[in-house]
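# Coordinate inspection notes
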Amino acid sequence: MLLVFGIDFAQPRQDEAIAQQEPSREERPRCHGGCTRNPPRSTDVPHIWSPHASRVYSDRPVLRWFAVEGVTTYRVRVAGAGVDWETQVSEPMVVYDGAPLQPGETYLVSVDANNGKGAAQTVFSAVTEAESQVIQQQLDRVPQGDLDARAVLQARIYRETGAIADAIEVLERRVAENSTNLELLCLLASIYRQHYSRVELGDFLDRLENRIDDLGGACSE
């Protein structure tokens, strides 16, 4: 068992048990704006969704959380081996630009909405030096060309090596560019379903799945 800042990083997640209680995607009705089908998260806390109990390859990971309505600033902190970084931002994301993350070490992330409701927390661990070298070698072999195809290949490399936050980031960048690539969208949905519960994601995953449906797609994974 690995305890970091009082958090049990090795504690098994409950996603599988939750997933067994949920209806399949086909059994769930489509959910559009204002839907409250999923059990709600506390909306006054900026729940962190990436990285979230994940491994990280990038030395400048993007930290993302759910926005809190009415909040104008968030206080973000990353702490761990050789790192005690803090910043304030107005958007529900920030690129970490502190001291280099130490290979194999685990770090605590906290985000406070400055509303008196407390900070959201999670942990992530940096990949080891050996793992980083393997990932880089594989990334170097990804061919140039179509941006969506490259993103899919890169995301699969990250996913297979456990760097889930990096996989999410490379795919989310393409989604932000309004990608209509079904393989890319389905891969991102698959990663979210595998590593998060629907309670954690709320209607976020529903909107992604609805986008896939609107494109006439059917995901195989």
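Coordinates for the structure precede this section.
Bear in mind that the values here come from a model prediction, so they are computed numbers and not experimental data.

Basis of the calculations
- Residues numbered from 1 in each chain as written.
- Predicted model: local features only at pLDDT ≥ 70, side-chain atom pairs only at ≥ 80, totals over all residues.
- Heavy atoms only, no water.
- Pairing = 2+ DSSP bridges.
- Helix = DSSP H or I, 4+ residues; strand = E, 2+ residues; numbered from the N terminus.
- Axes fitted to C-alpha atoms, helices over the stretch in contact; angles between N-to-C directions.
- Contact = heavy atoms within 4.5 Å.
- Buried < 20%, exposed > 50% of the residue type's maximum accessible area, 1.4 Å probe, protein only.
- Lys, Arg positive; Asp, Glu negative; His and termini not counted.
- Salt bridge = Lys/Arg side-chain N within 4 Å of Asp/Glu carboxyl O.
- Core = buried A, V, L, I, M, F, W, Y, C linked by side-chain atoms within 4.5 Å.
- Phe/Tyr/Trp six-rings, centres within 6.5 Å; stacked < 30°, edge-to-face > 60°.

## Regarding the sheet that holds strand E5 (residues 62-65)
On the basis of which strands lie adjacent, the open sheet formed by three strands has the order E3-E5-E8 and antiparallel pairing. Strands at the two margins of the open sheet, each flanked by one partner only, are strand E3 (48-50) and strand E8 (93-95). Averaged over all neighbouring strand pairs, the angle between strand axes comes to 25°, with direction disregarded. Across two bridges, the pairing between E3 and E5 is antiparallel. Across the sheet, residue Ile-48 finds its bridge partner in E5, namely Trp-65. In this fold helix H4 (residues 164-176) packs onto E3 and E5, with an angle of close to 80° to the strand it touches most, E3.

## Quick word on the environment of Gly-116
Locating Gly-116 in the fold gives a position in the loop between strand E9 (106-112) and strand E10 (119-126). Residue class for Gly-116 comes out exposed when judged on its relative accessible area of 74%. As a C-alpha pair, Gly-116 and Val-45 span 71 residues in sequence and 9.4 Å in three-dimensional space.

## Some details on the side chain of Glu-172
Positionally, Glu-172 belongs in helix H4. Arg-64 is the oppositely charged side chain nearest to the buried, salt-bridge-free Glu-172, at an N-O distance of 5.4 Å. When near neighbours in sequence (up to four residues on either side) are disregarded, Glu-172 contacts Trp-49, Arg-64, Leu-188, Tyr-192 and Phe-204.

## Things to note about the side chain of Arg-150
Mapped onto the fold, Arg-150 is located in helix H3 (residues 147-160). Although Arg-150 is buried, it makes no salt bridge; Asp-140 carries the closest opposite charge, 8.4 Å away. For Arg-150, the contacting residues outside a window of four places in its chain are Val-142, Pro-143, Gln-144 and Gly-145.

## A short note on the nonpolar core
Ranked by internal contacts, the top residues of the largest apolar core, which has 33 residues, are Tyr-158, Leu-171 and Tyr-192. When contributions to this core are tallied by element, the ones reaching two or more residues are helix H2 (129-140), H3, H4, helix H5 (182-195) and helix H7 (204-214). For this core, the element with the highest residue contribution is H5, accounting for eight residues. Every residue in contact with Tyr-192, bar those within four places of it in the chain, is listed here: Trp-49, Ile-168, Glu-172, Leu-201, Phe-204, Leu-205 and Leu-208. Membership of the second largest hydrophobic core comes to 24 residues, among which are Val-56, Val-83, Val-94 and Tyr-96.

## Re the packing of aromatic side chains
Inspection of every chain in the model, using the stated rule, returns six aromatic pairs. Here the aromatic rings of Trp-49 and Phe-66 are separated by 6.2 Å at their centres, their planes lie at 40°, and the arrangement is tilted. With Trp-49 in strand E3 and Phe-66 in the loop between E5 and strand E6 (74-80), this residue pair connects regions lying 17 residues apart in the sequence. A relative accessible area of 11% places Phe-66 in the buried class. With 6.0 Å between their ring centres and 70° between their planes, Trp-49 and Tyr-192 make a pair best called edge-to-face. Separated by 143 residues along the polypeptide, Trp-49 in strand E3 and Tyr-192 in helix H5 bring together distant segments of the chain. Taking the relative accessible area as the measure of exposure, Trp-49 reaches 8% and is therefore buried. Joined through ring pairs, the aromatic side chains of Trp-49, Phe-66 and Tyr-192 make up one cluster.

## What about the sheet that holds E10?
Strand order in the open sheet formed by five strands is E4-E10-E9-E6-E7, and the pairing between neighbours is mixed. Since the sheet does not close on itself, it has two edges, and those belong to strand E4 (54-56) and strand E7 (83-89), each with one partner. Along the sheet, successive strands turn relative to each other by an average axial angle of 25°, direction set aside. Here E9 runs beside E10; their pairing, made up of seven bridges, is antiparallel.

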